[in-house]
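What follows is each chain in one-letter form.
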Amino acid sequence: MTDPKPVLRLRDIVKTFPGVRALDGVSFDVRAGEVHALMGENGAGKSTLMKVLGGVLAPNEGQIFIGEDPVVMTSPKQAKAMGVMFIHQELSLADELSVAENIFLGELPLKSFGRVDWDKLYADTDRILETLNVGFDAKTRVGDLSIANQQMVEIGRALTVDPRAVIFDEPTASLTDAEKVVLFNVIADLQARGVGIIYISHRMEEIFKITDRISVLRDGQYSGTLNTAETNEDEVTQLMIGRSLDLSRNASHHQMGNVALEVRGLSCGRLFEDVSFDVRQGEVLGFYGLVGAGRTEIAETIFGLRTPSAGQILLNGQEVQITSPIDAIKLGISLVPEDRKDQGLVLGMNCKDNMSLPQVGRLTKGPFVSQGAEIAIFDKYRDKLDIRTPGWRQAVGNLSGGNQQKIVIGKWLSMQPEVLIVDEPTRGIDVGSKSEIHNLIRDLAAQGFAVIVISSEMPEVLHVSDRIVAMFAGRVMREFTSEEVTEDNLIQAISGIKEQGPAGHAAASHGIGQDKALT
Amino acid sequence: MTSQNRRDLIKQSGIWVFIVVELAFFSIVGNYLSVSDQAFMDFDNMLLLLKQSAPIGIIALGMTIIMINGNIDLSVGATFALAAIVLLDSMTWPFMQNLGNWAIPLAWGFALMTGVVLGAINGLIVWKTGVDAFIVTLGSMLGFRGLVFMYNGEQPTSHLNWTLVDFAEAQFLGLHTATWFLLGTALVLWLVTTRTNHGRNAYAVGNNRDAAVNAGIRVGPHIMWNFMLIGFLAALSAVVFYSESGSVNPNDGMLYELWAITAVVLGGTKLAGGYGSIIGTLGGVIAIQLLRKGLGHIGADTQTVNLVIGLILIAVLVMDRQLNRQGKEELKI
């Protein structure tokens, strides 16, 4: 069924950002009527590649061909005009407008004097909706539709022109199994019309169900293309991670103390269910999983930002009630949040003020804040964490990502916590600072802190953790010690694949459930 | 000096430069156009200017903390009027009349309490419902004004207490009572915003509310305290002004919220929160009063004054935006 002619080719694309080579000579093509999976770990360069293809980012080197013609993509609008359409993971719809208005947003058919030609608009929209085989009509308000149907509207947008290539970015992330079936039918239809499809997903089952070929990116480099029919999950996994890790595995075993934090059967609505784990003094517990697996939500619940629907939290063996961050801080739990700029720092404030923020109420002399006490804290942690800043007056917004992250970590260390939760410790931080932060985390554990690290980067999790909890879709799939974990079994656990080993039968049964639902 | 520091310096000193320009302009132009023989920069004239700045100035200083917090309070004008009515009317209550001059501090207490309670109502609603402060105080602006009219209909409420008038008209070290209240309020609030935990939290909440929550700051109660503070200050402003005038119209204090906000914004405080200073607001208050007085001095009428102030406000915000632009990579709208 494959037409050997590529509808779209990318050749030797290079894209560099300051300090990072995000894409390093990537070549990739899509044939007419094929579904081509693009895989790779978080940060492997998939999104960057798609931004280059969509005209959002200009490549430093390399060439894009549509059919046989070389093109220079300068804007998303141009990409659309050439028939390259994107279905983004995050929906970008105007909830208050109708389906028809959303589909033709920016290009409504007009009559004289700029009046909208509503009849033509609705007729055109209905024609598109017919090919999608959906149960709503052109006049429905988009906000009233389910997520799955909203995604159909997004797809409808791609069909206003005759598309040559359609890119689906994690389209099934928020779909139920029944809804996935509908989506796959739409993809099959497009395929039959000779459209080339790029399908980005982490979910192996889907990839093996609907794609023809699989291309893999690794650290910004092209690492190979496989025919889906001739390969298996292991081989793909190998391509995704098969490198000699420059980060050595964590080997520094030091003395561990008592269990500092224990969580039993913790649930929070549908975000995560029945999560149990413990972490000891002097231990680093890693949480690994796909984005949306519920890791951050667990941290937020322990820190009192969310109310659990079931389960217990025990600190040093005592059950505790945590209803707000204030409670958590009092009990000695600290959270370095996922998004430094949105949740961790007050960007308009200087370094010193940011660092002393949680305890500034205690650093008072009479009615006033004692600046001397604040500066003493800042100096101590600047030296301890090697924060490079001209001085405490510097606004944190002017620091590099690595130094900003150290300010946040310093802020919480100065509170002398018992449990330190670090969510995505090195997101948006350059490579050099990354290993500094990793060493820092190991040091903290060696000093007796109980540390929980949540990360979407496998090398990081493997490097810093003593034990690793693998999560999938809000559940703990399996817990690994640093001896038994391998890249293979870890990536399978977080993809929801049932495991072969004898350990963790309960976890495996969830995996089976997922498998069945897909087939 | 980094470019950031340079920008901050320009922004903080800008309002004072503007005041100097105003003084120079009105002094020079006043020589040719003024209807009076008196020089504009006359010392007594300047003292009077400070006194006249006080009613809106005291409110604007409180509005600064509210706006640093990322909120706004539109109900201050109505609170001002209601506190004024309580002040004057309470002195006519039978039991108060037997207290002689002790009625004065008691009446002040009633008025200030009124302001605190009205502010607490605003703050509690903002905290507990999470509705935007703009909407909440828009509602309470109308509601409080309704209470003002319910009190005495369209009639003014009057009561002259000569001891009170003497106090209000007194001058201490050359400055009027009202001026002392303005400067005292500015000093206290300056200390609060720059030196205390509460002030620090105000900036943190306004700049990044999520980070403030994560740092264990009780954001809701914090916001409520600030609304109680501005209610108190609106009432204090009324106490200072009506101790002297002795008569309040039900329409008094209308548009005070907008004048206060104008002064705060001219003083460099960001509408979005997280940035601003008490000293800047003091400058903004003086700049506006100078403008009103100066334009009057050279014979312009009220309408012209409003037009000019409006234009200057917009010009200031355009300049502020230019200073804040991060460069060409910023998104165009």
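The structure displayed is predicted, hence computed values, not measured ones.

This next bit is on the overall build of chain B. Within chain B, the secondary structure is distributed over 14 helices and four strands. Taking 2.2 N^0.38 as the reference for a compact globule, 333 residues should give roughly 20 Å; the C-alpha atoms of chain B span a radius of gyration of 21 Å, in line with that estimate. Along the first, second and third principal axes, the C-alpha atoms of chain B reach 70 × 60 × 35 Å. Taking all 333 residues of chain B together, 51% fall into the buried category. Of the roughly 15,700 Å² of accessible surface on chain B, 66% is carried by carbon and sulfur atoms. Treating the 17 positive side-chain charges of chain B as one cloud and the 19 negative ones as another, the clouds have centres 16 Å apart.

For interface size, the figure often reported is the accessible area lost on association. Each domain of chain A was delimited in the assignment, giving domain 1 (1–83 + 163–243), domain 2 (92–161) and domain 3 (259–518). Between the C-alpha centres of domain 2 of chain A and domain 3 of chain A the distance comes to 43 Å.

The next point concerns the packing of aromatic side chains. Counted according to the given criterion, the structure contains ten aromatic pairs over all chains. Judged by centre distance (5.7 Å) and plane angle (50°), the ring pair of B:Phe172 and B:Trp180 falls under tilted. Overall, B:Phe172 belongs to the exposed group, its relative accessible area being 54%. Classification of B:Trp180 by relative accessible area gives partly exposed; the value is 33%. In this structure, A:Arg9 is placed above the aromatic ring of A:Phe65, and the distance from its NZ or CZ to the ring centre is 4.4 Å. Directly above the aromatic system of B:Tyr275 lies the positively charged group of B:Lys270, at a separation of 5.3 Å from the ring centroid.

This next bit is on the pattern of salt bridges. Residues and elements named next belong to chain A. A full pass over the atoms with the stated rule returns 27 salt bridges over all chains. Aspartate 379 serves as the salt-bridge partner of arginine 382, at 3.5 Å between the closest nitrogen and oxygen. Separated by three residues within a single helix, arginine 382 and aspartate 379 lie in helix 13 (residues 371–385), roughly one turn from each other. On the accessibility criterion, arginine 382 (24% relative accessible area) is partly exposed.

A word on the nonpolar core. Where a protein is soluble and globular, its nonpolar side chains tend to be buried together. The biggest cluster of nonpolar side chains holds 96 residues, and the ones touching the most others in it are B:Met63, B:Leu87 and B:Tyr242. Counting residues per element, this core draws most heavily on helix 2 (residues 43–68) of chain B, at 14 residues. Judged by nonpolar contacts, the second largest core, of 64 residues, contains A:Leu266, A:Ile329, A:Trp392 and A:Ala450.

Here we take up the packing of helix 8 (residues 177–195) of chain B against helix 13 (residues 278–297) of chain B. When two helices pack together, their arrangement is captured by the angle between the axes and the distance separating the axes. Residue and element names in this part refer to chain B. Between helix 8 and helix 13, the least distance of the axes is 9 Å, while the angle of their chain directions is 150°. Regarding the angle of helix 8 to helix 13, the classification is roughly antiparallel. Seen from helix 8, the contacting residues are Leu182, Ala186, Leu189, Trp190 and Thr193; seen from helix 13, they are Ile278, Ile279 and Leu282. Here the residues of the contact of helix 8 with helix 13 are counted per class, giving seven nonpolar, one polar and no charged.

Here we come to the packing of helix 8 of chain B against helix 11 (residues 219–245) of chain B. All names here are of chain B. Between helix 8 and helix 11, the least distance of the axes is 10 Å, while the angle of their chain directions is 165°. Compared by their axis directions, helix 8 and helix 11 come out roughly antiparallel. Helix-helix and strand crossings are classified by hand; for helix 8 and helix 11 the assignment is right-handed. For the pair helix 8 and helix 11, contact is made by Ala178, Phe181, Thr185 and Leu189 and by Leu229, Leu233, Leu236 and Val240, respectively. Across the contact of helix 8 with helix 11, the residue classes break down as seven nonpolar, one polar and no charged.

What follows deals with the sheet that holds strand 7 (residues 165–169) of chain A. Residues and elements named next belong to chain A. The strand order across the open sheet formed by six strands is 6-7-8-3-9-10, and the pairing between neighbours is mixed. The open sheet is flanked by strand 6 (84–87) and strand 10 (221–227), the only strands paired with a single partner. In this sheet, neighbouring strand axes are inclined to one another by 20° on average, regardless of whether the strands run parallel or antiparallel. Sheet topology note: the strand 3 (residues 35–39)/strand 8 (residues 196–200) ladder contains four bridges and is parallel. Of the residues in strand 8, the one forming a bridge with alanine 37 is tyrosine 199.

Among all residues except glycine, the phi angle is most often negative; among peptide bonds, the trans geometry is most common. Non-glycine residue A:Ala473 carries a positive phi angle of around 50°. Relative to the helices and strands, A:Ala473 is located in the loop between strand 21 (467–472) and strand 22 (475–481).

A separate point is the environment of B:Lys128. All names here are of chain B. Tracing the chain through its elements places lysine 128 in helix 5 (residues 103–129). Residue lysine 128 is classed as exposed on the basis of its relative accessible area, which comes to 58%. It is 9.6 Å that separates the C-alpha atoms of lysine 128 and proline 221, two residues lying 93 residues apart in sequence.

With that out of the way, let us pick up the sheet that holds strand 15 (residues 318–320) of chain A. All names here are of chain A. As summarised here, the arrangement of the four strands in space is 12-11-14-15, forming an open sheet in which the pairing is antiparallel. Strand pairing shows two members of the sheet lacking a second neighbour, strand 12 (272–280) and strand 15, which therefore form its edges. Sheet twist, expressed as the average angle between the axes of neighbouring strands with direction ignored, equals 25°. Lying over the sheet, helix 9 (residues 295–302) contacts strand 11 (259–268), strand 12 and strand 14 (310–315), oriented at roughly 70° with respect to strand 12.

With 19 residues of chain B at the interface, the matching set in chain A holds 29 residues. The junction of chain B with chain A conceals about 1,900 Å² of combined surface from both sides, 59% of it contributed by carbon and sulfur atoms. On the chain B side of the interface with chain A, the three residues burying the most area are B:Arg200, B:Asn214 and B:Ala215, jointly 35% of the side's total. Linking chain B with chain A are two salt bridges.

Residues and elements named next belong to chain B. On the secondary structure map, leucine 82 appears in helix 3 (residues 76–90). Overall, the relative accessible area of 8% leaves leucine 82 in the buried class. For leucine 82 and leucine 229, which are 147 residues apart along the polypeptide, the C-alpha to C-alpha distance reads 16 Å. If near-sequence neighbours (up to four positions away) are discounted, leucine 82 is found in contact with Thr114, Leu118, Leu147 and Val148.

Attention now goes to the environment of B:Met224. All names here are of chain B. Assignment of secondary structure puts methionine 224 in helix 11. When the C-alpha atoms of methionine 224 and isoleucine 125 are compared, they prove to be 8.8 Å apart, with 99 residues separating the residues in sequence. Those residues in contact with methionine 224 that sit more than four places away from it in its chain are Ala120, Gly123, Leu124 and Trp127.

This part covers the pairing of strand 9 (residues 213–218) of chain A. Residues and elements named next belong to chain A. When you tally the buried positions in strand 9, you get five out of six residues, the bulk of the element. As defined by bridge partners, strand 3 adjoins strand 9 across four bridges and the pair is classed as parallel. In the sheet register, histidine 36 faces strand 9, and the bridge partner there is arginine 213. Of the strand pairs in this sheet, strand 9 and strand 10 are connected by six bridges, and their pairing is antiparallel. Bridging from a neighbouring strand, serine 215 pairs with threonine 225 of strand 10. Between the end of strand 9 and the start of strand 10, which pair antiparallel, lie two residues, with aspartate 219 showing a positive phi angle near 50°.

To continue, consider the side chain of B:Arg145. Residue and element names in this part refer to chain B. As for its position among the elements, arginine 145 is in helix 6 (residues 133–152). For arginine 145, which is buried and forms no salt bridge, the nearest opposite charge comes from glutamate 257, at a distance of 5.8 Å. With residues up to four places along the chain from it excluded, the contact list for arginine 145 reads Gly77, Ala78, Ala81, Ser140, Pro250, Asn251, Asp252, Gly253 and Met254.

Criteria and cut-off values
- Residues numbered from 1 in each chain as written.
- Chains lettered and ligands numbered in written order.
- Predicted model: local features only at pLDDT ≥ 70, side-chain atom pairs only at ≥ 80, totals over all residues.
- Heavy atoms only, no water.
- Helix = DSSP H or I, 4+ residues; strand = E, 2+ residues; numbered from the N terminus.
- Rg over C-alpha atoms; globule rule 2.2 N^0.38 Å.
- Buried < 20%, exposed > 50% of the residue type's maximum accessible area, 1.4 Å probe, protein only.
- Areas by Shrake-Rupley, 256 points an atom, 1.4 Å probe, with all protein chains shown as cover.
- Lys, Arg positive; Asp, Glu negative; His and termini not counted.
- Charge placed at Lys NZ, Arg CZ, Asp CG, Glu CD.
- Domains from an automatic or database assignment.
- Phe/Tyr/Trp six-rings, centres within 6.5 Å; stacked < 30°, edge-to-face > 60°.
- Lys NZ or Arg CZ within 6 Å of the ring centre and 35° of its normal.
- Salt bridge = Lys/Arg side-chain N within 4 Å of Asp/Glu carboxyl O.
- Core = buried A, V, L, I, M, F, W, Y, C linked by side-chain atoms within 4.5 Å.
- Axes fitted to C-alpha atoms, helices over the stretch in contact; angles between N-to-C directions.
- Parallel < 35°, antiparallel > 145°, perpendicular 65-115°, else oblique.
- Contact = heavy atoms within 4.5 Å.
- Nonpolar A, V, L, I, M, F, W, Y, C, P; charged D, E, K, R; others polar.
- Left-handed = near helix turned anticlockwise from the far one by under 90°.
- Pairing = 2+ DSSP bridges.
- Buried area = accessible area lost by both parts, 1.4 Å probe.

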